[in-house]
Amino acid sequence: MAYITLNRKKLQQNYQFLDNLFKSRNIEWGVVSKMLCGNEIYLKEIIALGTMEIHDSRISNIQKIKRLNPGIQTVYIKPPAKRSISRIVRYADVSFNTEIRTIEWLSEEAIKQGKIPRSSSWLKWGSQEGVLGEELLDFIKER
């Protein structure tokens, strides 16, 4: 069985290195926590570093993050199923999406919940999820 070992000192050093590097270039960034599987011990460690934004692919993990610190910006990074839309809007501050219909569902639900929907889209790079470059202009026109 796979496991990870928490080395607080190395975690803090790595976090500080990245934070300083990105801030020196005026780059906002966030921690992707999906490999932590919602483990509250590890999430608390990440939050204690001063993290302002956490990304995850499971809404249950984002829910835990919000429970631990409601002030952290959470980002849902997986194409959502329609049945998950309500929970995504409730717990995720931002979601990454590549389908116009999904963005519409999120917007409709956000209005129902009295929230302003925030969605990001990205270009496809290699085999990764995203909007194909040649489809980008059509995608933007649909929005």
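Procedures and definitions
- For every chain, the first residue of the written sequence is number 1, and numbering continues from 1 along that sequence.
- Confidence filtering applies because this is a predicted model: local features only for residues at pLDDT of at least 70, side-chain atom pairs given and counted only at 80 or more, and all residues used for totals across whole chains, interfaces and linings.
- The basis for every side-chain value is the complete set of non-hydrogen atoms in the structure, without hydrogens or water.
- Note: pLDDT gives the predictor's confidence per residue, expressed from 0 to 100.
- Strands are runs of DSSP state E lasting at least 2 residues, helices are runs of H or I lasting at least 4, and numbering of each runs from the N terminus.
- By the convention used here, residues are in contact when the closest approach between their heavy atoms is within 4.5 Å.
- As a rule, the C-alpha atoms of each element are fitted with a line to give its axis, helices using only the stretch in contact, and angles between N-to-C directions run from 0 to 180 degrees.
- Should an angle fall under 35 degrees it is called roughly parallel, over 145 degrees roughly antiparallel, and 65 to 115 degrees roughly perpendicular, with every other angle called oblique.
- By convention the crossing between two helices is left-handed if the near helix lies anticlockwise of the far one by an angle smaller than a right angle, and right-handed if it lies clockwise.
- Gly is put with the polar residues, along with every residue not named as nonpolar or charged; the nonpolar set is Ala, Val, Leu, Ile, Met, Phe, Trp, Tyr, Cys and Pro, and the charged set is Asp, Glu, Lys and Arg.
- Helices are assigned an expected span. That span is 1.5 Å times one less than the residue count.
- For every residue, the accessible area (1.4 Å probe, protein chains only) is compared with the maximum for its type, and the residue is labelled buried under 20%, exposed over 50%, or partly exposed between those bounds.
- Only buried residues count toward a nonpolar core, which is a set of Ala, Val, Leu, Ile, Met, Phe, Trp, Tyr and Cys residues joined through side-chain atoms within 4.5 Å.

**Student:** How should the confidence of the model for the protein be read in this particular structure?
**Tutor:** Low pLDDT marks stretches whose predicted atomic positions should not be read closely. When pLDDT is averaged along the protein, the result is 84; 82% of the residues meet or exceed 70. Mean pLDDT across the elements of the protein bottoms out in helix H6 (residues 136-142) (54) and peaks in helix H3 (residues 59-68) (96).

**Student:** So what exactly am I meant to see when it comes to the environment of Glu 53 here?
**Tutor:** You can see Glu 53 is positioned in strand E2 (residues 53-56). Here the alpha-carbon distance between Glu 53 and Val 32, two residues 21 residues apart in the chain, equals 8.7 Å. Setting aside anything within four residues of it in sequence, one finds Glu 53 in contact with Trp 29, Gly 30, Val 31, Ile 72, Gln 73 and Val 75.

**Student:** Please explain the packing of helix H2 (residues 40-48) against H3 as it appears in this structure.
**Tutor:** Two measures define how a pair of helices packs: the angle their axes make with one another and the distance between the axes. Look at H2 against H3: their axes get within 11 Å of each other, and the N-to-C directions meet at 55°. In terms of orientation, H2 lies oblique with respect to H3. The interaxial crossing formed by H2 with H3 has right-handed handedness. Of H3, the residues touching H2 (which contributes Glu 40, Leu 43, Lys 44 and Ile 47) are Lys 64, Ile 65, Arg 67 and Leu 68. In the contact of H2 with H3, the residues fall into 4 nonpolar, no polar and 4 charged.

**Student:** Before we go on, may I ask you to explain helix H5 (residues 100-112) in this structure?
**Tutor:** The α-helix winds at 3.6 residues per turn, so residues separated by three or four positions along the chain end up facing the same way. With 13 residues, H5 extends 19 Å from end C-alpha to end C-alpha; this agrees with the ideal 18 Å at 1.5 Å per step. Among all positions of H5, only Ile 100, Thr 102, Ile 103, Leu 106, Glu 109 and Ala 110 are buried. Of the residues one or two after H5, Gly 114 is the one with positive phi, at around 70°.

**Student:** Looking at this structure, how should I read the nonpolar core?
**Tutor:** Generally speaking, a soluble globular protein has its nonpolar side chains buried in company with each other. Counting 11 residues, the largest nonpolar core consists of Tyr 15, Val 31, Leu 36, Tyr 42, Leu 43, Ile 46, Ile 47, Leu 49, Ile 54, Ile 65 and Ile 72. It is H2 that provides the largest number of residues to this core, a total of 4 residues. Discounting residues that sit within four places of it in the chain, Ile 47 has contacts with Ile 54, Leu 68, Asn 69 and Ile 72. Core analysis: the second largest hydrophobic core is formed by 9 residues, Ile 59, Ile 85, Ile 88 and Leu 106 among them.

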